[in-house]
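# Examining the three-dimensional arrangement
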Amino acid sequence: ARYSVSPDADSSSVSMVALPDTLPKALEIFADVTLHPAFSEADLKRVKQERLGLIAQALDDPGTVGQHVLSRVIFGDKHPWGFPAEGTVKSIEALTRKELLAWHAGAFRPSNAALFVVGDVTAAQLKPMIAQRFGQWKDSAAPKPRVRALPKAGDRLVTVVDKPDAPQSQIWIGEVGIASGAPDIFPVRVMNHILGGSFNSRLNGNLRTEHAYSYGVTSFFDTHREAGPFIAEGGVVSAKTAESLTEFLGELTRMQSGEISDAELSDAKSALEHTIPSRLAINEQTAAAYAAAWSHGLPADYYATWQQHIEAVTKQDVAKAARERLHPDKMAIVIVGPKATIAEGLTALKVGRIEIRDANGEAAKAAAAAAAKSK
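Read on for a plain summary of the structure. These numbers were taken from a predicted model, which means no experiment stands behind them.

Here we come to the overall build of the protein chain. Of regular secondary structure, the protein chain possesses 16 helices and eight strands. Relative to the 2.2 N^0.38 estimate, which gives 21 Å for 375 residues, the radius of gyration of the protein chain is 23 Å and therefore close to what a compact globule would have. Dimensions of the protein chain along its principal axes, counting C-alpha atoms only, are 70 × 60 × 35 Å. Split into buried and exposed, the 375 residues of the protein chain put 39% on the buried side. In the protein chain, of all internal contacts separated by at least 6 residues, the share reaching a separation of at least 24 is 78%. Surface accessibility of the protein chain: about 20,800 Å² in total, with carbon and sulfur atoms responsible for 55%.

Take a look at the structure:
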């Protein structure tokens, strides 16, 4: 048997893979571990050290830094998505066993959960096993909902994180995007595939194939139950940072105009229709896919009707989605690269006020003050 835990922005999932003849015993262990975690001090200390190591590695990776800082700029300091999913040094060091137990009691409740089983077992066989092992699971008080305030929209900023002597600059551009269950989610998916969702996309064709500024760039909508970010990003030659940013913004503006060809529409729809089989290729993936759909608040037939939703998308739908979901003149811009090399070119572009932040997303002055205080 194999057990794993996977948290994301919408849910925490615990999963198990076991052979049919060992399912009853495996379920017994699965239920015990899921419902009665020890969160021992020794385990907590060990995992905190591991996590601090991962954070140190992330702070040294320009691409990860770009994503984290862009999230901070888009969602701000009052929204959990403004901070890395793996936490910060400060938040990990402060975490206590008491907090973990309280979080588990509030989040892991039967009224807040669903169970997905895929394999060689019938409902009639499964229900008694589930009742025996999960039947005594009682609800606890739900945690109070937290206010998730977004920062007020203002003038566009170009945020630079200095990475001296870096041969590449990481460009990250984004804004608050779309929720998974939004009415126009399928036109948006088709639109993004054309823009930056494939190797043959407009963004990649421009910056990689035509100009040779990058090995590859992409765009995506990180969809959740609530609206996640839209992001366009990629590493580019540092000496061509300003020129690359111009091409990024140009393609975003061209996409916003809503002009697409019949070939682009056909290719995008065909590619998206073929993504579903891979999500349902094995039992473990199928269970995970339906669990994700449930946590996003999507209907049970989401995957069964995927193809017909994609097929129904028209050029007019894509144009409307681009007009309403892309706002290049308001998108936040984050660039991780050598400030000495790129600052002059970025200033000359005049696409927004330039600010300097550190790898944690802290403004330069605030970061310097915090460092001085720690000494």
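As a further point, take the pattern of salt bridges. A side chain with one charge can pair with a side chain of the opposite charge if their charged atoms come near. Overall, the coordinates contain 13 salt bridges when judged by the stated rule. Among the ionic pairs, Asp-60 bridges to Lys-163, the shortest N-O distance being 3.4 Å. With a gap of 103 residues between them, Asp-60 in the loop between helix H2 (41-59) and helix H3 (62-75) and Lys-163 in the loop between strand E3 (157-162) and strand E4 (168-176) connect regions that are remote in the sequence. Three or more residues joined by partner-sharing salt bridges are found here, namely Asp-43, Arg-46 and Glu-50.

What follows covers helix H5 (residues 97-107). Among the residues making up H5, those that are buried are Leu-100, His-104 and Gly-106. Viewed along the axis of H5, the buried residues span an arc of 165 degrees, placing them on a single side of the element. Opposite its buried face, H5 presents the exposed residues Lys-98 and Ala-102, each directed more than 90 degrees away. Against helix H1 (23-35) and H2 lie the buried residues of H5.

Before going further, it helps to examine H3. Its 14 residues give H3 an end-to-end C-alpha distance of 20 Å, which sits within 8% of 20 Å, the value for a rise of 1.5 Å per residue. Considered for burial, the residues of H3 that qualify are Gly-63, Val-65, Gly-66, His-68, Val-69, Leu-70, Ser-71, Arg-72, Val-73, Ile-74 and Phe-75. In this fold, the buried residues of H3 make contact with H2, E3, E4, strand E6 (229-237), strand E7 (332-337) and strand E8 (353-357). Of the residues flanking the end of H3, it is Gly-76, one or two places downstream, whose phi is positive at about 80 degrees.

On to the packing of helix H7 (residues 185-195) against helix H14 (residues 315-325). The geometry of H7 relative to H14 is characterised by a closest axis approach of 8 Å and an angle of 85 degrees between their N-to-C directions. Our classification of the angle between H7 and H14 gives roughly perpendicular. Contacts from Pro-187, Val-188, Val-190 and Met-191 of H7 reach H14 at Asp-317, Val-318, Ala-321, Ala-322 and Arg-325.

Glancing now at the sheet that holds E6. Strand pairing in a sheet takes place through backbone hydrogen bonds and is either antiparallel or parallel in direction. Spatially, six strands are ordered E5-E6-E4-E7-E3-E8 in an open sheet, and the strand pairing comes out mixed. The open sheet terminates on both sides in strands that have one partner only, identified here as strand E5 (217-221) and E8. This sheet shows a mean twist of 20 degrees between the axes of neighbouring strands, independent of strand direction. Relative to E8, E3 is paired through five bridges, and the arrangement is parallel. Each bridged residue has a counterpart across the sheet, and for Val-160 the counterpart in E8 is Ile-356. Packing against the sheet, helix H9 (residues 241-256) makes contact with E4, E5, E6 and E7, and its axis sits at approximately 30 degrees to E4. Helix-sheet contacts for helix H15 (residues 339-349) involve E3, E4, E7 and E8, and the interaxial angle to E3 is about 165 degrees.

Before going further, it helps to examine the side chain of His-104. Considering the arrangement of structural elements, one finds His-104 in helix H5. Contacts of His-104, omitting those with residues within four sequence positions, involve Thr-34, Leu-35, Pro-37 and Phe-39.

The backbone phi angle of Ala-212 is positive, close to 55 degrees, even though this residue is not glycine. Here Ala-212 lies in the loop between helix H8 (202-210) and E5. Relative accessible area serves as the criterion here: at 55%, Ala-212 is assigned to the exposed category. Even without glycine at this site, Lys-350 takes up a positive phi of about 55 degrees. Position of Lys-350 relative to the elements: it lies in the loop between H15 and E8. We classify Lys-350 as exposed; its relative accessible area is 73%.

So, how was this worked out
- Residues numbered from 1 in each chain as written.
- Predicted model: local features only at pLDDT ≥ 70, side-chain atom pairs only at ≥ 80, totals over all residues.
- Heavy atoms only, no water.
- Helix = DSSP H or I, 4+ residues; strand = E, 2+ residues; numbered from the N terminus.
- Rg over C-alpha atoms; globule rule 2.2 N^0.38 Å.
- Buried < 20%, exposed > 50% of the residue type's maximum accessible area, 1.4 Å probe, protein only.
- Contact = heavy atoms within 4.5 Å.
- Areas by Shrake-Rupley, 256 points an atom, 1.4 Å probe, with all protein chains shown as cover.
- Salt bridge = Lys/Arg side-chain N within 4 Å of Asp/Glu carboxyl O.
- Arc of directions from axis to C-beta.
- Expected span 1.5 Å × (residues − 1).
- Axes fitted to C-alpha atoms, helices over the stretch in contact; angles between N-to-C directions.
- Parallel < 35°, antiparallel > 145°, perpendicular 65-115°, else oblique.
- Pairing = 2+ DSSP bridges.

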